[in-house]
Amino acid sequence: MAATHVLFVEDDDVIREATTLALERDGFQVTAAPDGVAGLESFRARQPDLALLDVMVPGIDGVSLCRRIRDESMVPVIMVSARADAIDVVLGLEAGADDYVTKPFDGAVLVARIRAVLRRFRAASPSEEIDEGAVLSFGDIEIDPEGMEVTRAGRRLALTPTEMRLLLEFAGAPGTVLSRDRLLARVWDYAWGGDTRVVDVHVQRLRTKIGQDRLETVRGFGYKLRA
């Protein structure tokens, strides 16, 4: 079985080399690039399984590179930031990233995040509460869990694997308030606590696709899908 191919875009030579070696020890194939221009060229030439992008790289910054990649592909993207700054995090997620890690990061945590994102990409399985073979309808939204397709007013929506997992989680419990912690555990596969901003930004992105009024915010608790 071919090794999972990771594109890693990082301008710091020490971090780039050390992280590349750590990922290779865990069985990943890594293509490393020192700037956004080289990263975009490598992405188009090599078609990696996952992109790991530092926010602050020269040429094309990581957020802009994420947007370029998302325009062309649904490949999973993880952003890397030297700061846990809300602006960096939100900009990266709004650009289409599936997750983010902050420097300095532990190698084992990074590998766990990568594997979790890849599981979402490869198996965006329906919630346990959804009947096998069922096509779900919520207003003008139709969800085919087996075919992994979502339409709105008959038009197919382009959802990332993470957005699909998130929608399926809501669809398995329509009208039920789902907490951010539950969504982190079920959608992002976090066995540990995580930053709930990743949930909030993905919910907002999903709203822009399925309709702003379809997902309701229940302040202090979480979100629910309007049945």
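Since this is a predicted model, take the numbers as computed values, not measurements.

Visitor: Got a sec to walk through the nonpolar core? Specific residues and values, please.
Guide: Looking at soluble globular proteins, one finds that nonpolar side chains tend to be buried together. Ranked by internal contacts, the top residues of the largest apolar core, which has 51 residues, are Leu53, Met79, Ile143 and Phe170. Val6, Leu52, Ile78 and Val111 belong to the second largest nonpolar core, which has 15 residues in total.

Visitor: Quick rundown of the pairing of strand 3 (residues 50-54)? Include the residues and the values.
Guide: Counting buried positions along strand 3 yields five of five residues, so the element is predominantly enclosed. Across the two faces of strand 3 the burial is the same, with Leu50, Leu52 and Asp54 and Ala51 and Leu53 all buried. With four bridges joining them, strand 3 and strand 4 (residues 77-81) adopt parallel strand pairing. Counterpart to Leu53 in the pairing with strand 4 is Met79. With helix 3 (residues 62-72) bridging strand 3 and its parallel neighbour strand 4, the resulting β-α-β unit is right-handed.

Visitor: Tell me about the layout of surface pockets, residues and numbers included.
Guide: Its boundaries defined by the atoms lining it, the largest pocket holds a volume of some 170 Å³. Where the lining of the largest pocket is concerned, the elements lending two or more residues are strand 8 (149-152) and helix 6 (161-171). Here the residues of the lining of the largest pocket sort into nine nonpolar, no polar and two charged.

Visitor: Go over the side chain of Arg70, please, and point to the residues and values.
Guide: Note on placement: Arg70 falls in helix 3. Within the structure, the side chain of Arg70 is placed 2.9 Å from the backbone oxygen of Val75, a separation counted as a polar contact.

Visitor: I'd like a rundown of the sheet that holds strand 11 (residues 215-218), residues and numbers included.
Guide: With antiparallel pairing, three strands are arranged side by side in an open sheet as 10-12-11. In this open sheet, the two strands that pair with only one neighbour each are strand 10 (178-179) and strand 11. In the sheet, strand 10 pairs with strand 12 (residues 222-225) via two bridges, with the strands oriented antiparallel. Following the sheet pairing, Ser179 is matched in strand 12 by Gly222.

Conventions we followed
- Residues numbered from 1 in each chain as written.
- Predicted model: local features only at pLDDT ≥ 70, side-chain atom pairs only at ≥ 80, totals over all residues.
- Heavy atoms only, no water.
- Core = buried A, V, L, I, M, F, W, Y, C linked by side-chain atoms within 4.5 Å.
- Buried < 20%, exposed > 50% of the residue type's maximum accessible area, 1.4 Å probe, protein only.
- Helix = DSSP H or I, 4+ residues; strand = E, 2+ residues; numbered from the N terminus.
- Pairing = 2+ DSSP bridges.
- Right-handed = clockwise from strand over helix to strand, strands pointing away.
- 1 Å grid on protein atoms, 1.4 Å probe; cavity = no way out; pocket = protein on both sides within 12 Å on 5 of 7 lines; lining within 4 Å.
- Points joined across faces, edges and corners; volume = space filled by probe spheres on them.
- Nonpolar A, V, L, I, M, F, W, Y, C, P; charged D, E, K, R; others polar.
- Polar contact = N/O pair within 3.5 Å; in protein donor to acceptor, adjacent residues only side chain to side chain.

Read these as spatial facts, not as claims about activity.
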